[in-house]
Amino acid sequence: MTRRAITLLGATGSVGASTLDVIARHPDRFTVAALAAYRSDAKLLELCLRFRPPVAALQDVSAAHALQRALAAECLPTRVVAGDDGLTEVATLPEADCVLAAIVGAAGLPATLAAARAGKRILLANKEALVIGGALFMAAAAESGATLLPIDSEHNAVIQCLPASYARNPAHHGVRRIVLTASGGPFHGRPDVDFDHVTPDEACAHPTWSMGRKISVDSATMMNKGLEVIEARWLFGTDASCIDIVVHRQSVVHSLVEYVDGSVLAQMSNPDMRTPIAQALAAPERIEAGVTPLDYARLAALTFEPVDRRRFPCVDLAYAALAADAAAPVALNAANEVAVAAFLRGDARFSDIARACSAVLERRDVAPIVTLDDALAADADARALAAAALRLPRSRAAAVAPRHSTHA
Ligand code: NAD
Ligand code: MG
């Protein structure tokens with residue numbers, strides 16, 4: 001068996017850890033071509049010592065120098081690259097077959113798009129990249145022959161429920177509707193919770209999944225599901241009218257596909273990212289992922305409920321952005337990233353997140369998104385609008401640009 005060589009973007013994060021756990025279980029199938037992260041040189045050193053990649057990348061240049069020195073002291077031959085160019089270099093390494101994109105936020109777009117242009121097999125966790133660059137990705141993949149495999153659990157569930165020959169044409173395959181399940185986050189069914197006074201730790205206390213803090217807040221506002229609707233539109237070639245959301249508290253059914261004959265196919269598993277990651281890493285084969293099997297006797301009930309769209313307005317904001325022009329999802333995502341980062345720092349209230357997103361969608365300019373630079377410019381404009389809407393000091397506004405992510 002030839003081993004698949006994997007570049008892992010976002011190696012020090014939550015998806016990065018789950019991915020390396022699966023890879024470590026199958027040294028006969030996978031090798032690590034490169035590991036990349038933002039600025040945590042100590043954590044990346046630890047991973048380099050364990051996985052011995054030929055190349056490592058850090059976005060932050062001084063952290064990259066520190067890593068280089070530490071690797072030399074350990075006599076490890078790993079080559080270190082840095083900055084935007086370094087991330088692009090590892091995303092397009094000729095020796096890597098597969099790029100797992102698990103950087104959080106818009107910051108992941110340039111490298112992931114470069115991987116698409118280089119014709120890689122892309123395992124996509126970084127949904128924000130597709131939300132803001134969907135058309136660019138699809139065009140790049142079509143031209144280069146790149147494959148895009150979702151590892152967001154809902155979208156991975158959907159591809160498992162679609163025919164293997166599915167080619168972004170729902171009508172051709174008799175698909176009536178795609179239904180994404182949502183856990184509802186920590187505040188579903190809690191009308192007593194005052195969104196003006198929620199703390200970051202309360203918002204990040206997800207009932208079923210353990211994830212990075214940005215996506216945990218997105219789950220609490222349900223913006224995560226809104227972003228996933230936009231992600232689904234690009235991945236599956238469906239209109240927004242064919243994509244629905246249902247709250248399913250147990251996070252066991254990860255999504256459903258309805259066919260015109262009345263059949264509904266669902267994918268079930270315990271909520272553990274190693275299942276979709278292993279599925280995408282090994283497809284079309286299946287490999288052991290270390291995930292606890294479902295215990296049917298203990299699955300007392302699987303419940304499905306509508307989304308409370310009044311309490312969680314981010315869902316409708318995402319549908320509205322999808323129905324508008326191509327710059328609208330870019331603006332929505334940027335505003336959300338600024339507002340979530342401000343909330344996590346204590347500079348904004350939980351309730352400000354939806355408010356800032358709505359204000360930015362209203363105030364933004366409508367501009368065509370034809371190139372990566374168009375997307376990055378619309379992203380930067382929306383960040384400035386969001387900072388103004390949140391009355392962030394100038395220094396804080398600068399700190400939210402994608403090149404200066406607050407993540408480790
Ligand atoms: P995380 O915060 O735990 O990790 C983020 C990773 O991105 C880290 O390795 C960090 O170093 C890196 N990073 C951040 N900014 C960077 C930059 N500017 N340049 C280079 N690297 C940078 O996040 P996570 O929970 O692992 O989520 C990663 C992505 O996967 C997000 O887009 C998220 O929406 C998506 N996702 C996560 C889960 C989950 O279970 N955690 C599930 C589905 C989808
Ligand atoms: Mg998801």
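### A short note on the overall build of the protein chain
A tally of regular secondary structure across the protein chain gives 16 helices and 11 strands. A compact globule built from 408 residues should have a C-alpha radius of gyration of about 22 Å, and the protein chain, at 20 Å, falls within 12% of that. Counting the 408 residues in the protein chain, one finds 58% classified as buried. Here the protein chain displays about 16,800 Å² of accessible surface, and carbon together with sulfur accounts for 52% of that area. Looking at the protein chain, you have 39 positive and 44 negative side-chain charges, and the mean spots of the two groups are 2 Å apart.

### Some remarks on unusual backbone geometry
Here the bond from A283 into P284 is cis, since omega is 10 degrees, no more than 30 degrees from zero. Within the element layout of this structure, P284 appears in the loop between α11 (274-282) and α12 (314-323). The phi dihedral of R52 is positive, around 50 degrees, even though this residue is not glycine. Structurally, the position occupied by R52 is in the loop between α2 (41-51) and β3 (55-58). Residue classification places R52 among the exposed residues on the basis of a relative accessible area of 54%. Residue M222 is not a glycine yet carries a positive backbone phi of 70 degrees. Within the secondary structure, M222 sits in the loop between α9 (213-221) and α10 (223-236).

### Let's talk about the side chain of N156
Take N156: it is sitting in helix α7 (residues 153-161). Within the structure, the side chain of N156 is placed 2.8 Å from the side chain of Q160, a separation counted as a polar contact. With residues up to four places along the chain from it excluded, the contact list for N156 reads P150, I151, P276, Q279 and A280.

### Points about the coordination of the magnesium ion (ligand 2)
Ideal geometry at a metal centre: 109.5 degrees between donors when four sit tetrahedrally, and 90 or 180 degrees when six sit octahedrally. Only D152 (OD), E154 (OE) and E228 (OE) from the protein coordinate the magnesium ion (ligand 2), and they sit 2.1 to 2.2 Å from it. The sequence pattern describing where the donors of the magnesium ion (ligand 2) fall on their chain is D-x1-E-x73-E. Neither D152 nor E154 differs from the other in exposure class; each is buried.

### Considering the sheet that holds strand β4 (residues 79-82)
Spatial strand order, β4-β3-β2-β1-β5-β6-β7: 7 strands in an open sheet with parallel pairing. Since the sheet does not close on itself, it has two edges, and those belong to β4 and β7 (147-150), each with one partner. Ignoring which end each strand starts from, the neighbouring axes of this sheet average 20 degrees apart. Of the strand pairs in this sheet, strand β6 (residues 121-124) and β7 are connected by 4 bridges, and their pairing is parallel. When the bridges of β7 are listed, L124 appears paired with P150. Sheet contacts for helix α5 (residues 109-117): β1 (4-9), β5 (98-101) and β6; angle to β6, the most-contacted strand, approximately 150 degrees.

### A word on the packing of aromatic side chains
Applying the stated criterion to the full structure yields 5 aromatic pairs. Ring centres 5.4 Å apart and planes at 80 degrees place the aromatic pair F187 and F350 in the edge-to-face group. With a gap of 163 residues between them, F187 in the loop between β8 (175-182) and α8 (200-204) and F350 in helix α14 (residues 350-363) connect regions that are remote in the sequence. F187 sits in the buried class, given a relative accessible area of 4%. Among the residues examined, F350 registers a relative accessible area of 3% and is labelled buried. The interplanar angle of 65 degrees and the centroid separation of 5.6 Å between the aromatic rings of F343 and F350 together place this pair among those described as edge-to-face. What links up through ring pairs into an aromatic cluster is the set F187, F195, F312, F343 and F350. Positioned above the aromatic ring of W234, the side-chain terminus of R233 is 4.2 Å from the ring centre.

### Comments concerning α10
Structural remark: α-helix, 3.6 residues per turn; residues separated by three or four positions point the same way. Taking 1.5 Å of rise per residue, 14 residues should cover 20 Å, and α10 covers 20 Å from first to last C-alpha, within 8% of that figure. Burial within α10 is extensive, with 13 of its 14 residues counted as buried. Within two residues after α10, G237 carries a phi angle of roughly 65 degrees, on the positive side.

### What about the confidence of the model for the protein chain?
Summary statistics for the protein chain give a mean pLDDT of 94 and a share of 96% for residues scoring 70 or more. Long-range and interchain partners of residues 399-408, a stretch whose pLDDT sits below 50, account for 25 contacts in this model, where long-range means more than four residues apart.

### Focus: the pairing of strand β11 (residues 264-268)
When a strand is regular, its side chains alternate between the sheet's two faces. For strand β10 (residues 253-259) and β11, the ladder comprises 5 bridges, and the chain directions are antiparallel. Each residue of the ladder has a partner; that of E258, found in β11, is V264. Between β10 and β11, which follow one another and run antiparallel, lie 4 residues, and G262 among them has a positive phi close to 100 degrees.

### Some words on the nonpolar core
Grouped together as the largest cluster of nonpolar side chains are 102 residues, with contacts concentrated most on F187, L332 and F350. Per-element tally for this core: the top contributor is helix α13 (residues 327-345), with 12 residues. Setting aside chain neighbours within four positions, we find F350 in contact with F187, F195, V198, A203, V217, A220, T221 and F343. Grouped together as the second largest cluster of nonpolar side chains are 41 residues, C48, A102, I151 and L281 included.

The rules behind each value
- Every chain is numbered independently, its residues counted from 1 as its sequence is written.
- To read the labels, note that chains go from A and ligands from 1, taken in the order they are written.
- Only residues with pLDDT of at least 70 are given local features in this predicted model, and only at 80 or more are side-chain atom pairs given and counted; all residues enter the totals for whole chains, interfaces and linings.
- Side-chain calculation: all heavy atoms of the structure are included, whereas hydrogens and water are not.
- For the purposes of this entry, the term helix denotes a DSSP run of H or I that reaches at least four residues, the term strand denotes a run of E that reaches at least two, and both are numbered from the N terminus.
- Only C-alpha atoms enter the radius of gyration; for comparison, a globular chain is expected to reach 2.2 Å times N to the power 0.38, where N is the number of residues.
- Only protein chains enter the area calculation, which uses a 1.4 Å probe; residues under 20% of their type maximum are buried, those over 50% are exposed, and those in between are partly exposed.
- Per-residue and other accessible areas were derived by the Shrake-Rupley procedure at a 1.4 Å probe size, with only the shown protein chains allowed to occlude residues.
- In this count, Lys and Arg are taken as positive residues and Asp and Glu as negative ones, while His and the chain termini are left out.
- A charge is said to be at NZ when it belongs to Lys, at CZ for Arg, at CG for Asp and at CD for Glu.
- Two N or O atoms count as a polar contact when they lie within 3.5 Å, although within protein this holds only if one can serve as hydrogen donor and the other as acceptor, and sequence-adjacent residues are included solely when both atoms are side-chain atoms.
- Here, two residues are considered to be in contact whenever any of their heavy atoms come within 4.5 Å of each other.
- Only nitrogen, oxygen and sulfur atoms within 2.8 Å of the metal, or 3.2 Å for Na, K and Ca, are treated as donors, and water is left out, so sites may look incomplete.
- Any two strands between which DSSP finds at least two bridges are classified as paired.
- For every element, the axis is a line fit to its C-alpha atoms; helices are fit only across the contacting stretch, and the angle between N-to-C directions ranges from 0 to 180 degrees.
- Within 6.5 Å between ring centres, the rings of Phe, Tyr and Trp (the latter by its six-membered ring) count as paired, and their orientation is classed by plane angle as stacked under 30 degrees, edge-to-face over 60, tilted in between.
- In this scheme, Lys NZ or Arg CZ marks a charge over a ring once it lies within 6 Å of the ring centre and within 35 degrees of the ring normal.
- Expected span of a helix, by definition, is 1.5 Å for each gap between consecutive residues, and there is one gap fewer than residues.
- On a range of 0 to 100, pLDDT expresses the predictor's confidence in each residue.
- What is meant by a nonpolar core is a set of buried Ala, Val, Leu, Ile, Met, Phe, Trp, Tyr and Cys residues, joined one to another through side-chain atoms within 4.5 Å.

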